[in-house]
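What follows is the residue order along each chain.
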Amino acid sequence: MNHKIPATVITGFLGAGKTSLIRNLIENSNGKKLALIINEFGDLGVDGDVLKGCGNENCTEEDIVELANGCICCTVADDFLPTIQKLLDRDVKPDHIIVETSGLALPKPLVRAFGWPEVRTQVTVDGVVTVIDGPAYSDGLFASDPAAVQEQRENDENLDHDSPLEELFEDQLNCADMIIFNKSDLLADQEIETAIAEIRNRVRSSVKMVQTSHGNIDARVLLGLDAAAEDDLAARPSVHDDADEHEHDDFDSYVLDIGEVMSLETLLSNLHTAIEGNGILRVKGFLSLAGKDMRLVLQGVGNRLQHYYDRDWAPGESRVSKLVIIGEHDMDQAAITRTILN
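Heads up: these notes are all about the structure in this document. (Residues numbered from 1 in each chain as written. Predicted model: local features only at pLDDT ≥ 70, side-chain atom pairs only at ≥ 80, totals over all residues. Heavy atoms only, no water.)

### Concerning the packing of aromatic side chains
Alright, step 1. Under the criterion given, the structure shown has one aromatic pair.
Alright, step 2. With centroids separated by 5.7 Å and ring planes inclined at 40 degrees, the aromatic side chains of Tyr-137 and Phe-169 adopt a geometry described as tilted. Remark: Phe-169 occurs in helix α8 (residues 164–174) and Tyr-137 occurs in helix α6 (residues 134–138); sequence separation between them is 32 residues.
Alright, step 3. Residue Tyr-137 is classed as buried on the basis of its relative accessible area of 5%.
Alright, step 4. On the basis of relative accessible area, Phe-169 is assigned to the buried category, the value being 4%.
Alright, step 5. Lying across the ring of Phe-286, Arg-295 places its NZ or CZ 3.8 Å from the centre. (Phe/Tyr/Trp six-rings, centres within 6.5 Å; stacked < 30°, edge-to-face > 60°. Helix = DSSP H or I, 4+ residues; strand = E, 2+ residues; numbered from the N terminus. Buried < 20%, exposed > 50% of the residue type's maximum accessible area, 1.4 Å probe, protein only. Lys NZ or Arg CZ within 6 Å of the ring centre and 35° of its normal.)

### Digging into unusual backbone geometry
A negative phi angle is the norm for most residues apart from glycine, just as the trans form is the norm for most peptide bonds.
Alright, step 1. Backbone geometry at His-214 places phi at a positive 60 degrees, although glycine is not the residue there.
Alright, step 2. Position of His-214 among the secondary structure elements: in the loop between β7 (208–211) and α10 (219–222).
Alright, step 3. Look at His-214 and you get exposed, because its relative accessible area is 56%.
Alright, step 4. The phi angle at Ala-228 is positive, at roughly 45 degrees, despite the residue not being glycine.
Alright, step 5. Tracing the backbone through its elements, the reader meets Ala-228 in the loop between α10 and β8 (251–257).
Alright, step 6. In this structure Ala-228 comes out as partly exposed when scored by relative accessible area, which is 25%.

Pasting the structure below:
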């Protein structure tokens, strides 16, 4: 009667590899029945749809709940808590709940929600896992020299807060019980050593760090941390602790319908041009290629674009090509669209 269902919160910036990590967990769950809550920034539910294609009996489509086009850390009462309650009301309860936050979400408000009376008696936060895009970190996406940036901030009274990306990154690090340094196969050994050393200096000594490629990690390493993070909030400081609310006005997204793709090479070239000339942070979506019977998944972080076929188009299914474009709030959507469709 006193057994609580463990929940793992997986956070990390846009494109860090959270969905790949979760897909690996589904396929290597060691018999555990998983329930997934997927939160996306943008109107097109790419991550949830990719995960539903796994076809694993321990995590069926009914076990995957999507909270699309919103920030889970801002809509805890309206969206997250009712979703958790529905999972707990099932006749067959999950063995483990996995929550994937959007790449723009702050994890601490979500962890705090697990302390609500109607939840804490039945669920505990087994751990907060922060996924880091290794190449993006090494490229200085969050801060090329965090120590220098902090020193400048302290010496300049006009710099009273971090940049939006730094704030997100700092909060995701501070809340973590485990850090997954992902995409390490794209970096040299020295780059990895330097990055990991820098990150270790920014987190609690108890935080575990694991190096991965393609989110490939044994579920036994990731699950079973027993952190009870909802009881440990004071040790997880946030730059937004004193804020009344959390806004995402620094970022924006829109869905671009591009029709059937005649040339993937041309599209990729146009995307690279659009990314380099505008404030685009993330691109993801599905493509219908002329003459191909399978759906193509396209994922992009910065100027790195990846694509793969995930499944056949179903009989009667509308073959559409749609991309979610996520970027800074002042990105020129019209110019981006013209460049991509050129």
